[in-house]
Protein chains: 6
Amino acid sequence: MPHIQITWIEGRTTEQKRTLVTKLTDLMVQEASAKPESVTIAFVDVPAESYASNGMLVADKRKQK
Amino acid sequence: MPHIQITWIEGRTTEQKRTLVTKLTDLMVQEASAKPESVTIAFVDVPAESYASNGMLVADKRKQK
Amino acid sequence: MPHIQITWIEGRTTEQKRTLVTKLTDLMVQEASAKPESVTIAFVDVPAESYASNGMLVADKRKQK
Amino acid sequence: MPHIQITWIEGRTTEQKRTLVTKLTDLMVQEASAKPESVTIAFVDVPAESYASNGMLVADKRKQK
Amino acid sequence: MPHIQITWIEGRTTEQKRTLVTKLTDLMVQEASAKPESVTIAFVDVPAESYASNGMLVADKRKQK
Amino acid sequence: MPHIQITWIEGRTTEQKRTLVTKLTDLMVQEASAKPESVTIAFVDVPAESYASNGMLVADKRKQK
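What you see is a predicted model; the values in this text were computed from it and never measured. (Residues numbered from 1 in each chain as written. Chains lettered and ligands numbered in written order. Predicted model: local features only at pLDDT ≥ 70, side-chain atom pairs only at ≥ 80, totals over all residues. Heavy atoms only, no water.)

**Quick word on the UniProt feature "domain: 4-oxalocrotonate tautomerase-like" (unreviewed entry) in chain A**
As a reminder of what qualifies: UniProt positions are given in the numbering used here, feature names are shortened, and annotations may be inferred rather than shown by experiment. Numbering of helices and strands runs from the N terminus; a helix is a DSSP stretch of H or I covering at least four residues, while a strand is a stretch of E covering at least two.
This chain's UniProt record puts "domain: 4-oxalocrotonate tautomerase-like" (unreviewed entry) on residues 2-60 of chain A. Summarising residues 2-60 of chain A: 37% helix, 32% strand, and an end-to-end C-alpha distance of 34 Å.

**So, the relation of the copies chain F and chain A**
Definition in use: Here the copies were fitted onto each other by least squares, based on C-alpha atoms from residues at pLDDT of at least 70 in both. Between two residues, a contact is recorded if the distance between any of their heavy atoms is within 4.5 Å.
At an RMSD of 0.0 Å, chain F and chain A line up after a rotation of 180 degrees and a shift of 0.0 Å along the axis. Such values leave the two copies arranged in the relation of a two-fold axis. Of every C-alpha in chain F, the one belonging to Q5 of chain F sits nearest the axis of rotation, 2.6 Å from it. With an isologous cut-off of 70% or more, the 100% of interface residues of chain F that recur at the interface of chain A puts this contact in the isologous class.

**What about empty space enclosed by the protein?**
Empty space among the atoms becomes apparent when a probe as large as a water molecule is rolled across them. The condition is simple: Definitions used throughout: a 1 Å grid over protein atoms alone; a cavity as a set of points that fits a 1.4 Å probe which cannot get out; a pocket as an open set with protein on both sides within 12 Å along at least five of seven lines; a lining residue as one with an atom within 4 Å of a point. Grid points are joined across faces, edges and corners, and a volume is the space filled by probe spheres set on the points. When residues are sorted by character, Ala, Val, Leu, Ile, Met, Phe, Trp, Tyr, Cys and Pro go into the nonpolar class, Asp, Glu, Lys and Arg into the charged class, and all the rest, Gly among them, into the polar class.
In the structure shown here, the tally under the stated rule is one cavity of 30 Å³ or more. Taken as a whole, the largest cavity encloses approximately 370 Å³ of empty space. Lining the largest cavity are 23 residues; nearest its centre among them are Q5 of chain A, Q5 of chain B, Q5 of chain C, Q5 of chain E together with Q5 of chain F. Each residue belonging to the lining of the largest cavity can be placed in one class, and the counts come to five nonpolar, 18 polar and no charged.

**Structural notes on the interface of chain F and chain A**
Short version of the rule: Two parts placed together each lose some accessible area under a 1.4 Å probe, and adding up what both lose gives the buried area. For this document, the term salt bridge refers to a Lys or Arg side-chain nitrogen within 4 Å of an Asp or Glu carboxyl oxygen. For the purposes of these results, a polar contact is taken to be a pair of N or O atoms within 3.5 Å, where, inside protein, one atom must be able to donate a hydrogen and its partner to accept one; residues adjacent in sequence count only when each atom of the pair is a side-chain atom.
At the junction of the two partners, chain F supplies 27 residues and chain A supplies 27 residues. The junction of chain F with chain A conceals about 2,300 Å² of combined surface from both sides, 62% of it contributed by carbon and sulfur atoms. Counting the surface chain F buries against chain A, the share from its top three residues, M1, L27 and E31 of chain F, is 27%. Joining chain F to chain A, the criterion identifies two salt bridges. The partner of E31 of chain F in a salt bridge is K23 of chain A, with the nearest N and O atoms 2.8 Å apart. The interface formed by chain F and chain A contains 11 residue pairs in polar contact (both at pLDDT 80 or more).

Structure below.
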């Protein structure tokens, strides 16, 4: 029954998502007594211009580096 | 007042979304006493590599078929 | 694969939710070629003081009536 | 058309939410050319035990102070 | 600690998002006693065919004008 | 920058959430090159009457057992 919605900056590979999905599902089974078939996961990719923290777009933080 | 956010695999047509929006709004009016003008609906399309259930990406499940 | 998250004002009964879940799932199967077992639905109930449209809390709109 | 979903720690007053709703809606109208009647806002209150950053629950951070 | 997720029709510029992020963060600090570094904001852009209110897609409303 | 929103059935303990937050954050750092301080996590607890899959409320599935 957990639905896990991950909103993050675009760019992670399918391989990273594949690994995360396996490990996230295992984590929910081990730590939250979920059944694996009930764990749904969605990755919502957004550009760096569409995510912000501390009053600044991630895209602008990256330019400062 | 309901906001309905539907996260699903990309690929549904505008026609499918149009039909769903009409029927979803009717459903909220009939079954949940909502006013039609207060029902907002957003479809968040994600690729098959960004959605998973039962520890596996939908993209990988499709390859297995 | 659709996850449907409905954020709305608290107060709908379990019976209303039961009916909506049946009809929403049917709708996704008929109109969006989803498999019923892949349709997950979550109702996020919030008080009328925590939902707003057109610049006004629903709780305040109700007081105006 | 913007739906703004704010997930935060419970405890803000209705008066704070009232003020935020007015100012958020004005902001969307002024900066994002939205129509006020199309701006919907939902506050999802969660306890401090249900929110975390930097690997720690907010509830535990508060105990450390 | 507030996470603000704004789902809206695609098309707003980075400059609009930059201004909104600054003002939204200030608003959370002033009105909701949040720390700026704890305010995270994500813009989820969707096409006009993927957003609806009052039973109609925004894309169809725009055609009516 | 990932915001992880987990919508699930209420009842998990603070201890379970504490463990999950630590392991989820580590996972994002190891597998998705996230900085720990940028990982935010929110658990949205809903009653079993407010979550459904395969056309049935979790509360009703539990009664069938």
